[in-house]
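Working through the structure, step by step
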Amino acid sequence: MTELVQQVTFDADIGYHSFCLQESDDADLPVPYPDDTVFGQFLTAFPGRIDIFSAGHTHTAAVTAEVWDGCPPEEDRERWDEYGECEYVSTSGVVAVWSMSLGRTEHSVTLSDSGGTWQVQVYSVGRAEAERLSAETGTAEGVERYLVRFWRAA
């Protein structure tokens with residue numbers, strides 16, 4: 001049975017419908033954030049980078065990031081509005097959180113003490129309300145929530 005190794009919660013600053021999880025050691029990334037961002041696509045993977053598209057334009061989303069020692073137990077996808085999965089390669093073992101409006105933020109997730117290849121699942125809920133509030137009031141603090149799960153690829 002797999003076990004949860006680490007859980008980190010933080011608020012992600014959403015700007016222009018987007019935030020990013022990017023290799024902390026980003027000097028050699030072929031496509032650094034926000035280059036080539038795909039508008040409207042929930043999850044887009046690049047080498048060393050994962051873009052996440054939000055339903056709201058400008059707001060703060062609640063994020064829970066988990067690191068597992070193997071494939072985590074199945075989530076009930078009916079609870080979530082969106083789901084995506086991708087592979088992520090890290091050279092440092094640390095993922096930094098980026099915002100379109102702020103650049104690199106103070107938040108990060110430590111996957112391991114070295115690099116490697118990881119499987120990633122991203123879930124989101126509260127999207128319709130975040131979109132509505134963002135359009136009506138210009139912000140939607142903590143309404144949209146994300147669960148991001150990492151585990152080493154086989």
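Residues numbered from 1 in each chain as written. Predicted model: local features only at pLDDT ≥ 70, side-chain atom pairs only at ≥ 80, totals over all residues. Heavy atoms only, no water.

Overview of the packing of aromatic side chains
Note the threshold: Two aromatic rings from Phe, Tyr or Trp, using only the six-membered ring of Trp, form a pair when their centres are within 6.5 Å; if the ring planes differ by under 30 degrees the pair is stacked, by over 60 it is edge-to-face, and anything between is tilted. Secondary structure counts use DSSP, requiring at least four H or I residues in a row for a helix and at least two E residues in a row for a strand, with both numbered from the N terminus. Burial status follows relative accessibility: with a 1.4 Å probe on protein chains alone, a residue under 20% of its type maximum counts as buried, one over 50% as exposed, and anything between as partly exposed. Whether a charge sits over a ring depends on NZ of Lys or CZ of Arg being within 6 Å of the ring centre and within 35 degrees of the ring normal.
The full count for this structure, using the stated rule, is six aromatic pairs. An angle of 75 degrees between the planes, with centres 5.2 Å apart, marks the rings of F19 and Y146 as edge-to-face. Taken together, the residues span a long stretch of sequence, with F19 in strand β2 (residues 18-23) and Y146 in strand β10 (residues 145-152) at a distance of 127 residues. Look at F19 and you get buried, because its relative accessible area is 0%. Ring plane angle 80 degrees and centroid distance 4.9 Å describe the contact between F39 and F53, whose orientation is recorded as edge-to-face. Taken together, the positions of F39 in the loop between β2 and β3 (43-46) and F53 in strand β4 (residues 49-53) put the pair 14 residues apart, joining distant regions of the chain. One aromatic cluster is present, formed by F19, F42 and Y146 through successive ring pairs. It is R49 that lies over the ring of F46; its NZ or CZ is 4.0 Å from the centre. Positioned over the ring face of Y83 is R77, at 3.7 Å from the centre of the ring.

Let's talk about the nonpolar core
To keep it simple, the criterion reads: Take the buried residues of types Ala, Val, Leu, Ile, Met, Phe, Trp, Tyr and Cys, join any two whose side-chain atoms come within 4.5 Å, and each joined set is a nonpolar core. Contacts: residue pairs with any heavy atoms within 4.5 Å of one another.
F19, L21, I52 and F150 are the most contacted members of the largest nonpolar core, which totals 26 residues. Elements that contribute at least two residues to this core include exactly β1 (4-14), β2, β4, β5 (59-68), β6 (82-90), β7 (94-99), β9 (116-125) and β10. When sequence neighbours within four positions are dropped, the list of residues in contact with F19 reads A12, D13, I14, Y33, I50, D51, I52, V63, V97, W98 and Y146.

Description of helix α1 (residues 127-137)
The following threshold applies: Throughout, the arc means the angular range of directions from the helix axis out to the C-beta atoms.
Taken as a whole, α1 has its buried residues at R127, A130, L133 and S134. Burial along α1 is one-sided: seen end-on, the buried residues are contained in an arc of 130 degrees. Relative to its buried face, α1 has exposed residues pointing more than 90 degrees away, namely A128, A135 and E136. Of the surrounding elements, those touching the buried residues of α1 are β4, β5, β6, β9 and β10. Residue G138 follows α1 closely and has a positive phi angle near 90 degrees.

Thoughts on the sheet that holds strand β8 (residues 103-110)
Hydrogen bonding along the main chain pairs the strands of a sheet, whether they run parallel or antiparallel. Heads up, the condition is: Two strands form a pair only when DSSP identifies at least two bridges running between them. Orientation is described by lines fitted to C-alpha atoms, with helices fitted over the stretch in contact, and by angles between N-to-C directions that extend from 0 to 180 degrees.
The strand order across the open sheet formed by five strands is β3-β4-β2-β7-β8, and the pairing between neighbours is antiparallel. The strands lining the two open edges of the sheet, one partner per strand, are β3 and β8. Across the sheet, the mean angle from the axis of one strand to that of its neighbour is 20 degrees, orientation sign disregarded.

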